[in-house]
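The residues making up each chain are set out below.
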Amino acid sequence: MQQVITVATPEAQATSNPSDFHDEIAGHHKRLRQLLAALEEVIETRAHDRESPLLATTMLALLTDLEHELPLHFEAEERGGYFSDVLRVAPEMGRRLDKLKEEHADFTERSRRLLEYAHGAREGTRRWGEIEQLFNHLAEKLVAHERMENDLIQKLFMLDTGAPG
């Protein structure tokens, strides 16, 4: 019997302590990685057992968690300490941040549409193959997006701002 995996997602809260904020973002990243890995595991298992209602239900639950987690994660990144620090230290990176914010909205919308499509495909195994392809595309883009954000933050730390220290 397959185990249903869901990942709890606490609501985002404003933090004024940089260490708390870093921990919050790290927690979001960890939950996203867990969700993506769990979804990939279900997809791999479904490749061998296409007709399993439990696997379809598990996939829907995980896609629901992803659709809920993404906006919380993106809101946490945008509200302060992450994007605002980049702008404060390197305002010339504003356009890159705007592009990343646009991608946040796009990922949120793609995740919502993917979940809607999955609900509509509950009974048809042919459509699940399409859902798996859509998820794989979303996951690849999301991983690349997160890598770009991490690169941006690393560049920020390497900038010589002329500040003492």
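Residues numbered from 1 in each chain as written. Predicted model: local features only at pLDDT ≥ 70, side-chain atom pairs only at ≥ 80, totals over all residues. Heavy atoms only, no water.

Some thoughts on the overall build of the chain
- When its secondary structure is counted, the chain shows 5 helices and 0 strands.
- Counting helices and strands in the order they occur from the N terminus, the chain gives α-α-α-α-α.
- The long-range fraction of contacts in the chain, counting pairs at least 24 apart against all pairs at least 6 apart in sequence, stands at 77%.
- When the accessible surface of the chain is summed, it comes to about 9,700 Å², and 52% of that surface belongs to carbon and sulfur atoms. (Helix = DSSP H or I, 4+ residues; strand = E, 2+ residues; numbered from the N terminus. Contact = heavy atoms within 4.5 Å. Areas by Shrake-Rupley, 256 points an atom, 1.4 Å probe, with all protein chains shown as cover.)

Re the side chain of Glu103
- Note that Glu103 resides in helix α4 (residues 94–120).
- A relative accessible area of 17% means that Glu103 is categorised as buried.
- Within the structure, the side chain of Glu103 is placed 2.8 Å from the side chain of Lys99, a separation counted as a polar contact.
- Glu103 has contacts with His145 and Met148, leaving out every residue within four places of it along the chain. (Buried < 20%, exposed > 50% of the residue type's maximum accessible area, 1.4 Å probe, protein only. Polar contact = N/O pair within 3.5 Å; in protein donor to acceptor, adjacent residues only side chain to side chain.)

Some words on the confidence of the model for the chain
- Looking at the chain as a whole, its pLDDT mean stands at 80, while 79% of the residues score no less than 70.
- Note on residues 1–15: pLDDT under 50 across the span, and 36 contacts to partners over four residues away in sequence or across chains. (pLDDT = per-residue confidence, 0-100.)

Considerations on the pattern of salt bridges
- Evaluated as defined, the whole model comprises 7 salt bridges.
- Note that Arg46 is salt-bridged to Glu132, the shortest N-O span being 3.5 Å. Taken together, the positions of Arg46 in helix α1 (residues 18–46) and Glu132 in helix α5 (residues 125–158) put the pair 86 residues apart, joining distant regions of the chain. A single burial state applies to Arg46 and to Glu132, both of which are buried.
- Through salt bridges with shared partners, a single network forms among Glu109, Arg112, Arg113 and Glu116. (Salt bridge = Lys/Arg side-chain N within 4 Å of Asp/Glu carboxyl O.)

Focus on the nonpolar core
- Membership of the largest hydrophobic core comes to 27 residues, with the highest contact counts inside it found for Leu39, Met59, Leu63, Leu66, Trp128, Ile131 and Phe135.
- Within the residue set of this core, elements represented by two or more residues are α1, α2 (53–79), α4 and α5.
- It is α2 that contributes the most residues to this core, 9 residues altogether.
- Sequence-distant contacts of Phe135, defined by excluding residues within four places in its chain, comprise Leu36, Leu39, Glu40, Ile43, Leu63, Leu66 and Leu114.
- Grouped together as the second largest cluster of nonpolar side chains are 13 residues, Ala76, Tyr82, Met93 and Leu100 included. (Core = buried A, V, L, I, M, F, W, Y, C linked by side-chain atoms within 4.5 Å.)

Some details on the side chain of Glu77
- Locating Glu77 in the fold gives a position in helix α2.
- One buried charged residue, Glu77, remains without a salt bridge, the closest side chain of opposite sign being Arg33 at 10 Å.
- A distance of 2.9 Å separates the side chain of Glu77 from the side chain of His73, its partner in a polar contact.
- Sequence-distant contacts of Glu77, defined by excluding residues within four places in its chain, comprise Ile25, His29, Tyr82, Phe83, His104, Glu146 and Glu149. (Lys, Arg positive; Asp, Glu negative; His and termini not counted.)

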